[in-house]
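# Structural features, examined
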Amino acid sequence: MGHFTPILLTVVLTVAALQRPPIDWKAADQETLRHFQALLKFDTSDPPGHEKPAVDYLKQVLEAEGIPFEILFNEANRPNLVARLRGSGAKRPLLIMGHTDVVNVDPTKWKHPPFAAVRDGGYVYGRGSVDDKDNVVAGLMIMLTLKRQNVSLDRDVIFLAESGEEGSTRVGIQFMVNEHFAKIDAEYCLAEGGSVTRTGGKVKFASVQTLEKIPRGIELTARGPAGHGSTPLRDNAVVRLATAVAKIGAWKAPVRLNDTTRAYFERLASISTPEEAKQYRAILSSDPKVVDGADEHFLVREPRHASMIRTSISPNIIQGGYRINVIPSEAKATLDIRMHPDDDHLALIEQVKKVIGDPKVEVAWAQRDVRPGGASGNLASEAFKAIEAMVTKHYQTVTLPTMSPGATDMAYLRAKGVQCYGVGPATDIEDGPLGFGSHSDQERILEAELYRFVKFHYELVEQIAGRR
Ligand SMILES: [Zn+2]
């Protein structure tokens, strides 16, 4: 008797699942393409933004399917859309997110016009094709498919099409988190920040962003007496500043690993050539000398990896002087800081002062949108396990949990306790240097990979949120 009810229940649920008509993926691909091209054709360049036409489009598609949604904004032209499919409430919601704005374009540099969604040679070209209208269309198709399939859910599935990701988060994620967090509060979030890497047309690995570094800025100001250029001064502000910048450039912040980066290098080693693998294993060593050897290799040959293991500092702006015969009284440098999420910013600025070791150089925080920090997406969670299983099923490759050196809007959600994972479609590693990547002048996506991503993402959501 004790066993009877669960078995009966399983039978009933299985029958219900079997009765659901199978998804016609060929038709879904066509529909994906139709929505994707429509979205790419809206010029949502940020600045100024103007995401409204894209949101109006999503609205009309969701309305036609009877999927409930809300439109929320603090600038009417830059709305956010939140749609929700209700589950039983047995588990907390799953949020899927994509941003409708794109970075600016210089149309004269584009072979295919940036907002025409041209299909050519198996690609779709257009600004936003891999950043981030791919995630927007995936979110839309997931909602449509869950609704049409009448999938029973253990948790609500929320779709957020947000504005302002590319530099104006005050209208997008910040507004949503500060003013309407209850509408997007979730246990897990899936959004941009991950990708599947192909090389020579073959899938090599899938990166899933589980954590990201925290951007900050530091400004250095050196001052000294002004004077005539014909009479050099020991206390020249430009020289003082240059010395400080050189010291920062030569300094290495200590290497720090965490669960994500440790798993990343272990797994990367397992799929790399013996030569590469040697460095990835060395960085995990308990011997500081071995670690330093690998670190030096990264700093010269694999700078992205060097950044992933520490707080990084890049001096990116330097200003001083205005004419050749005047010794300026002031010179400034701005440092781009990407903080390791486990580092303390107050200790960091003290460390920078110590490295410079010159009390006449003022060290202060620079103006910058400070994204909050938050805990890493758990590598043992139900969501991450589902991601790994779906990566294996759809891409037959290994999942690398990644701490991104760059920043995404997930930082704001992590700060609220949401476990976030960045996912994305497959792209060719060769495309970046050739100028076809995100933010490039010929941004494009492999059409077949867009379809694979939508299917992967749908089954992933179904796995995490569907009734078990
Ligand atoms: Zn993006």
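The structure under discussion appears in the preceding block.
Residues numbered from 1 in each chain as written. Predicted model: local features only at pLDDT ≥ 70, side-chain atom pairs only at ≥ 80, totals over all residues. Heavy atoms only, no water.

On the secondary structure map, Ser404 appears in strand β16 (residues 399-404). Under the relative-accessibility criterion, Ser404 is labelled buried at 11%. A polar contact is formed between the side chain of Ser404 and the backbone oxygen of Gly406, at a distance of 2.9 Å. When neighbours within four sequence positions are excluded, Ser404 is seen to be in contact with Gln209, Leu211, Glu212 and Lys213. (Helix = DSSP H or I, 4+ residues; strand = E, 2+ residues; numbered from the N terminus. Buried < 20%, exposed > 50% of the residue type's maximum accessible area, 1.4 Å probe, protein only. Polar contact = N/O pair within 3.5 Å; in protein donor to acceptor, adjacent residues only side chain to side chain. Contact = heavy atoms within 4.5 Å.)

Let us now look at the sheet that holds strand β10 (residues 214-223). The strand order across the open sheet built from 4 strands is β12-β14-β10-β15, with neighbouring strands paired in antiparallel fashion. Bordering the open sheet on either side are β12 (312-320) and β15 (361-365), each of which pairs with just one other strand. Across the sheet, the axes of successive neighbouring strands diverge by a mean angle of 20°, strand direction being ignored. Note that β12 and strand β14 (residues 330-339) share 8 bridges and pair antiparallel. The partner of Ile318 across the bridge, within β14, is Ala333. Most of the contacts of helix α11 (residues 345-356) go to β15, to which it runs at about 160°, and overall it touches β10, β12, β14 and β15. (Pairing = 2+ DSSP bridges. Axes fitted to C-alpha atoms, helices over the stretch in contact; angles between N-to-C directions.)

Moving on: the sheet that holds strand β19 (residues 444-446). The strand order across the open sheet formed by 3 strands is β4-β5-β19, and the pairing between neighbours is antiparallel. Lying at the two open borders of the sheet, with one neighbouring strand each, are β4 (119-120) and β19. Helix α2 (residues 25-40) rests against β4, β5 (123-125) and β19 of the sheet, and its axis sits at about 25° to β5. Seen against the sheet, helix α14 (residues 447-465) touches β4, β5 and β19 and runs at an angle of roughly 70° to β19.

So, on to the environment of Gly417. On the secondary structure map, Gly417 appears in the loop between α13 (410-414) and β17 (419-422). When the C-alpha positions of Gly417 and Gly437 are compared, they lie 31 Å apart, and in sequence the two are 20 residues distant.

Bringing the packing of helix α3 (residues 52-65) against helix α4 (residues 133-148) into the picture now. Interhelical geometry of α3 versus α4 gives an angle of 5° and a closest axis separation of 11 Å. If you check the angle between α3 and α4, you find them roughly parallel. Across from Leu58, Val61, Leu62 and Glu65 in α3, the residues of α4 making contact are Val136, Leu140, Met143, Leu144, Lys147 and Arg148. Its residues assigned to classes, the contact of α3 with α4 comprises 7 nonpolar, no polar and 3 charged. (Parallel < 35°, antiparallel > 145°, perpendicular 65-115°, else oblique. Nonpolar A, V, L, I, M, F, W, Y, C, P; charged D, E, K, R; others polar.)

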